[in-house]
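# Overview (structure and organization)
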Amino acid sequence: MDVVALGESMVTFLPSRPGRLADVPAFHRSIGGAESNVACALAAAGHTTRWVSRVGADGFGDHLVEAIGGYGVDVSHVRRDPDRPTGVYFRTAGDRADDAHEVAYYRAGSAASAMSPTGVDLDAVRAGRVLHLSGITAALSPDCLALMRELTAPRAGRPLISFDVNHRPGLWGEAYGPEVLLDLARGADIVFVGEDEAEEAWGLRGGPTAIREALPEPHTLVVKQGAKGAVAFCASRGQSCLPQCLEGLGGTPRGDGGPPARAKPRVGEGGRDGTPQSPGCDNTPRPAATAPALNVDVVATTGAGDAFAAGFLSATLRDLPLKTRLRHGHLTAAATLTTPGDLAPPPARPLADRLAALDDPAWGRLRLGPGWTDADAEAVEEARTP
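Residues numbered from 1 in each chain as written. Predicted model: local features only at pLDDT ≥ 70, side-chain atom pairs only at ≥ 80, totals over all residues. Heavy atoms only, no water.

The protein goes by Sugar kinase in an unreviewed UniProt entry, where it is assigned to Streptomyces sp. R17. Recorded in UniProt under Sequence similarities (unreviewed entry), the annotation for the protein is "Belongs to the carbohydrate kinase PfkB family." (UniProt positions renumbered as here; feature names shortened; annotations may be inferred.)

Encoded structure:
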């Protein structure tokens, strides 16, 4: 198994036309969930994936299991809850950044919120080369947070932990979300975080370098900068670090069996605050790779971050150079950005590989619009910006 993803998925209702939720007359049913989105995109890209979660013993639960399984994802370890419902949400057609954008969640007390260290098959969760998690799960309930702490704790033989911070203030309410997310990120091997997200959650205003200084522990840190692109820091300082991740990291405890010492940084100051480096790792906060974002005719932004993570992980599993991994993240995100739903088929591997291998000027001239993943590489390359 290449990747196991654990987290809540919900039935999504997309509006039949733009407008306020109060005015939209009908909705189209879809699916959405940060972790299952990653599993589906990776399965579509040819990887073996599994989604672990809980859904209600209801029609919406049936739909989620069938739809996600339809992508080729193993759903045999999704548990059905006879007492709690499957979560659903409605959203408007506008961009998340638009003040008119509305989302109505109906997920409180959902089946997924009952996930716990004893309520899931931990062997099935840990069966992949990579375990993908997000900060959303930690916000669902105390039991879910306990599960996240269990999965990110140092232990021998732990899979590579991929963690998307996914700071959602509305889910945390008055709780201590930023501190929890920082702690979970420090226990992961690959971390995805937006530059604006790090500022909102942790008060870090010094850009990617300040984020790396606050998070020196993860072997690979990917900082997303929106329209600017993405930056990656890698502890090995080399282009090929998957073998080191899988063999030497993965949360392996110290020789005495105890967890590694971790001094928490002063959030908001961007300093290391004396945080120790991992043995054998160069945690100097210098980017190992950067990749500018693509020019994309955006249809909707929902799910683009999940798609980026899937593209990056796909290229990581193939042990491609770090810069190429970032480019594959951008390309998979572009597939989702040019469709209205949370999920979109990623570009075929030959197309993605060819575009990811372009020189910097050619990469900068690419412009991708709806339907670009169905075109051949020559046609895509001809669609240049003026």
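## Some thoughts on the sheet that holds strand β2 (residues 10–15)
One open sheet accounts for four strands, arranged β3-β2-β7-β8; its pairing is mixed. With partners counted over all chains shown, the strands left at the sheet margins are β3 (27–32) and β8 (103–106), one partner each. Sheet twist, expressed as the average angle between the axes of neighbouring strands with direction ignored, equals 20°. Sheet analysis places β2 next to β3, joined by six bridges and oriented antiparallel. Within β3, the position partnered with F13 by the bridge is R29. Of the strands in this sheet, β2, β3 and β7 (88–91) touch helix α2 (residues 59–70), which is tilted by about 65° from β3. (Pairing = 2+ DSSP bridges. Helix = DSSP H or I, 4+ residues; strand = E, 2+ residues; numbered from the N terminus. Axes fitted to C-alpha atoms, helices over the stretch in contact; angles between N-to-C directions. Contact = heavy atoms within 4.5 Å.)

## Observations concerning the sheet that holds strand β11 (residues 190–194)
Spatially, β4-β1-β9-β10-β11-β12-β13-β14 is the arrangement adopted by the eight strands of the open sheet, whose pairing is mixed. The open sheet has two free edges, formed respectively by β4 (49–52) and β14 (289–292), since each of these has just one partner strand. Strand-to-strand, the axes of this sheet are offset by a mean angle of 15°, without reference to chain direction. Sheet topology places β11 next to strand β12 (residues 220–224); five bridges connect them, and they run parallel. Within the sheet, the bridge partner assigned to F192 lies in β12 and is V222. Packed on one face of the sheet, helix α5 (residues 142–152) meets β1 (3–6), β9 (130–134) and β10 (160–164) and runs near 145° to β9.

## Let's talk about the pattern of salt bridges
Summed over all chains, the structure comprises 18 salt bridges. Notably, a salt bridge pairs R318 with D353, separated by 2.8 Å at the nearest N-O pair. Of this pair, R318 sits in the loop between α11 (304–317) and α12 (322–337) while D353 sits in helix α13 (residues 349–356), and the two are 35 residues apart along the sequence. By relative accessible area, R318 is classed as partly exposed at 26%. On the basis of relative accessible area, D353 is assigned to the partly exposed category, the value being 26%. D360 is paired through a salt bridge with K323; the nearest N and O atoms lie 2.8 Å apart. (Salt bridge = Lys/Arg side-chain N within 4 Å of Asp/Glu carboxyl O. Buried < 20%, exposed > 50% of the residue type's maximum accessible area, 1.4 Å probe, protein only.)

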